[in-house]
Amino acid sequence: MPGNARRLPETEAVLEVRRAVRGWLADYATGDVAVALSGGADSLALTAAAVVEAGQVDALVVDHQLQAGSDKVAAAAAAAALALGCRSAHVLAVEVGADGGMEAAARAARYAALDGARAGLPVLLGHTLDDQAETVLLGLGRGSGGRSIQGMAAFVDPWGRPLLGVRRAVTRQLCVDIGLTPFEDPHNSAAEFTRVRLRNEVLPLLEEVLGGGVAGALARTAEQLRDDGAVLDALADELLRAASAGPASNGPTLSIETLATAPAALRRRAIRAWLLAGGAKALTNKHLQAVDELITAWRGQGGVAVGGGQPGRRLVAAREHGRLTLRLQGSR
């Protein structure tokens with residue numbers, strides 16, 4: 001335990017959160033870490049456990065500047081981090097744009113600020129089992145495919161999520177047990193946000209109708225799908241290497257014949273990886289289906305714009321002479 005870490009009572013909630021953080025550290029990281037601290041119950045509980053279980057902890061507090069007094073909330077969170085025993089606490093003020101709506105823009109600004117301030121350390125995020133369940137439900141509702149309902153991973157460098165097996169009620173109880181008063185973000189109860197309605201209306205109804213255990217079941221489903229997805233991704237990589245063999249004088253191309261004879265699940269994963277590697281952005285299921293039809297339902301149709309081009313030039317996947325191509329089209 002670091003010398004400046006606050007000693008925590010050994011309550012049930014404290015011990016559960018500490019075990020979760022200890023297990024994550026054993027699997028993914030050693031030494032010092034950063035923690036993204038909002039001042040809410042989840043990130044406060046995570047910070048309290050991290051200063052006991054990790055080496056040194058640096059708290060990173062993002063001030064989105066979306067509400068009056070947000071600077072005071074951020075300052076209070078930073079003070080709480082230092083009181084808990086963090087080595088440092090930095091407030092990161094960001095400007096939130098408008099692309100994709102406020103939720104998406106705030107998220108993009110937050111992650112960019114955290115990445116810029118982490119100084120090479122992994123960043124622990126306070127997402128809980130309840131957040132995981134909400135993420136899976138959102139993916140199911142949007143019909144975005146298996147990848148979208150795999151939920152959040154415990155670690156995707158540099159982002160770590162030690163609390164994916166811990167319920168939100170436990171983090172709140174930890175704060176009560178050690179005398180912390182979490183900040184209650186009004187956005188977390190604003191019904192205009194889809195995730196808030198899932199949290200406050202849909203999940204409680206599912207719990208009632210199905211007799212409880214829904215959040216845990218959704219989280220287990222996500223974990224199983226991630227395990228399955230890892231195997232499929234490895235097989236898709238093999239397919240992509242096989243389909244890439246051949247001429248590439250005008251950039252990377254793929255063999256239509258090799259892709260057409262592959263199982264659909266592997267073919268679509270290979271196409272997705274190839275498009276992303278080629279610079280495609282914000283891929284949707286509609287994009288992937290249209291590119292797949294260039295291979296399996298060829299009727300002479302033209303290329304498919306997949307986003308990620310340049311001003312005045314589109315990035316287009318097309319079928320040419322038995323190969324799938326990906327090129328910028330339009331005037332320079």
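Residues numbered from 1 in each chain as written. Predicted model: local features only at pLDDT ≥ 70, side-chain atom pairs only at ≥ 80, totals over all residues. Heavy atoms only, no water.

Participant: Can you walk me through the overall build of the protein chain in this structure?
Facilitator: If you tally the helices and strands in the protein chain, you get 11 helices and 10 strands. Here the C-alpha coordinates of the protein chain stretch approximately 70 × 50 × 40 Å along the principal axes. Taking all 332 residues of the protein chain together, 44% fall into the buried category. Taking the intrachain contacts of the protein chain between residues at least 6 apart in sequence as the baseline, contacts between residues at least 24 apart amount to 67%. Per element, the accessible surface of the protein chain, about 16,600 Å² overall, is 52% carbon and sulfur. (Helix = DSSP H or I, 4+ residues; strand = E, 2+ residues; numbered from the N terminus. Buried < 20%, exposed > 50% of the residue type's maximum accessible area, 1.4 Å probe, protein only. Contact = heavy atoms within 4.5 Å. Areas by Shrake-Rupley, 256 points an atom, 1.4 Å probe, with all protein chains shown as cover.)

Participant: What is the right way to look at the pairing of strand S1 (residues 33–36) in this model?
Facilitator: Two faces belong to every sheet, and in a regular strand the side chains alternate between them. Of the two faces of S1, the one lined by Val 33 and Val 35 and the one lined by Ala 34 and Ala 36 are each fully buried. The pairing of S1 with strand S2 (residues 57–63) spans four bridges and is parallel. The partner of Ala 34 across the bridge, within S2, is Asp 58. The sheet contact formed by S1 and strand S4 (residues 123–124) spans two bridges and is parallel. In the strand pairing of S4, Val 35 is matched with Leu 124. (Pairing = 2+ DSSP bridges.)

Participant: I'm lost on the sheet that holds strand S9 (residues 314–320) in this one. Help?
Facilitator: One open sheet accounts for four strands, arranged S7-S10-S9-S8; its pairing is antiparallel. What marks the edges here is a single partner per strand, and that holds for strand S7 (253–255) and strand S8 (304–305). With three bridges joining them, S7 and strand S10 (residues 323–329) adopt antiparallel strand pairing. Pairing of Ser 255 across the sheet is with Arg 323, part of S10. The sheet strands contacting helix H10 (residues 264–277) are S7, S9 and S10, and the helix crosses S10 at an angle near 30°. (Axes fitted to C-alpha atoms, helices over the stretch in contact; angles between N-to-C directions.)

Participant: What exactly am I supposed to notice about the side chain of Asp 63 here?
Facilitator: Within the secondary structure layout, Asp 63 lies in strand S2. Buried Asp 63, no salt bridge; nearest opposite-charge side chain is Lys 72, N-O distance 9.8 Å. Here the side chain of Asp 63 touches Gln 65 through a polar contact of 2.9 Å, landing on its backbone nitrogen. Excluding anything up to four places from it in sequence, Asp 63 contacts Ser 70, Asp 71, Ala 74, Val 91, Leu 92, Ala 93 and Val 94. (Lys, Arg positive; Asp, Glu negative; His and termini not counted. Salt bridge = Lys/Arg side-chain N within 4 Å of Asp/Glu carboxyl O. Polar contact = N/O pair within 3.5 Å; in protein donor to acceptor, adjacent residues only side chain to side chain.)

Participant: I'm lost on the packing of helix H7 (residues 194–210) against helix H8 (residues 214–244) in this one. Help?
Facilitator: In helix packing, the relevant descriptors are the interaxial angle and the interaxial distance, both defined with respect to the helix axes. Where H7 contacts H8, the two axes come as close as 9 Å, and the packing angle between them is 105°. With respect to H8, the axis of H7 lies roughly perpendicular. Each of Leu 203, Leu 206, Glu 207 and Leu 210 in H7 lies in contact with H8, whose residues at this interface are Val 214, Ala 215 and Leu 218. (Parallel < 35°, antiparallel > 145°, perpendicular 65-115°, else oblique.)

Participant: Whenever I open this one, the environment of Val 156 confuses me. Can you help?
Facilitator: Note that Val 156 resides in strand S5 (residues 155–156). When its relative accessible area of 47% is taken as the criterion, Val 156 is described as partly exposed.

Participant: Hey, could you run me through the UniProt feature "domain: tRNA(Ile)-lysidine synthase substrate-binding" (unreviewed entry) in the protein chain in this one?
Facilitator: As recorded in UniProt, the feature "domain: tRNA(Ile)-lysidine synthase substrate-binding" (unreviewed entry) lies at residues 254–324. Between the end C-alpha atoms of residues 254–324 there is a gap of 5 Å, over a span that is 44% helix and 18% strand. (UniProt positions renumbered as here; feature names shortened; annotations may be inferred.)

Participant: Teacher, can you tell me more about the packing of H10 against helix H11 (residues 285–296) here?
Facilitator: Running from N to C, H10 and H11 point in directions that differ by 115°, and their axes come no closer than 10 Å. The orientation of H10 with respect to H11, classified from their angle, is roughly perpendicular. Where H10 crosses over H11, the two elements pack in a sense that is right-handed. Here H10 contributes Arg 267, Arg 268, Ile 271, Arg 272 and Leu 275 to the contact with H11, which in turn contributes Leu 288, Val 291, Asp 292, Ile 295 and Thr 296. For the contact of H10 with H11, the residue count by class is five nonpolar, one polar and four charged. (Left-handed = near helix turned anticlockwise from the far one by under 90°. Nonpolar A, V, L, I, M, F, W, Y, C, P; charged D, E, K, R; others polar.)

Participant: When you look at a nonpolar patch on the surface in this model, what are you seeing that I'm missing?
Facilitator: Taken together, the side chains of Leu 205, Val 209 and Leu 210 define a hydrophobic patch exposed on the protein surface, amounting to about 320 Å² of accessible area. With respect to the helices, strands and loops of the structure, Leu 210 is situated in helix H7. (Patch = residues over 30% accessible without salt bridge, like charges linked within 9 Å, V, L, I, M, F, W, Y side chains within 5 Å.)

Participant: How do you make sense of the pattern of salt bridges when you look at a structure like this?
Facilitator: In a structure, side chains of opposite charge can pair up when their charged atoms sit close to one another. Enumeration according to the criterion identifies 16 salt bridges in this entry. A salt bridge links Glu 134 to Arg 199, with the shortest nitrogen-to-oxygen separation between them at 2.9 Å. Placement of Glu 134 in helix H5 (residues 129–142) and of Arg 199 in helix H7 is noted, with a sequence separation of 65 residues between them. Asp 292 is the partner of Arg 267 in a salt bridge, and the nearest nitrogen-oxygen pair spans 2.5 Å.

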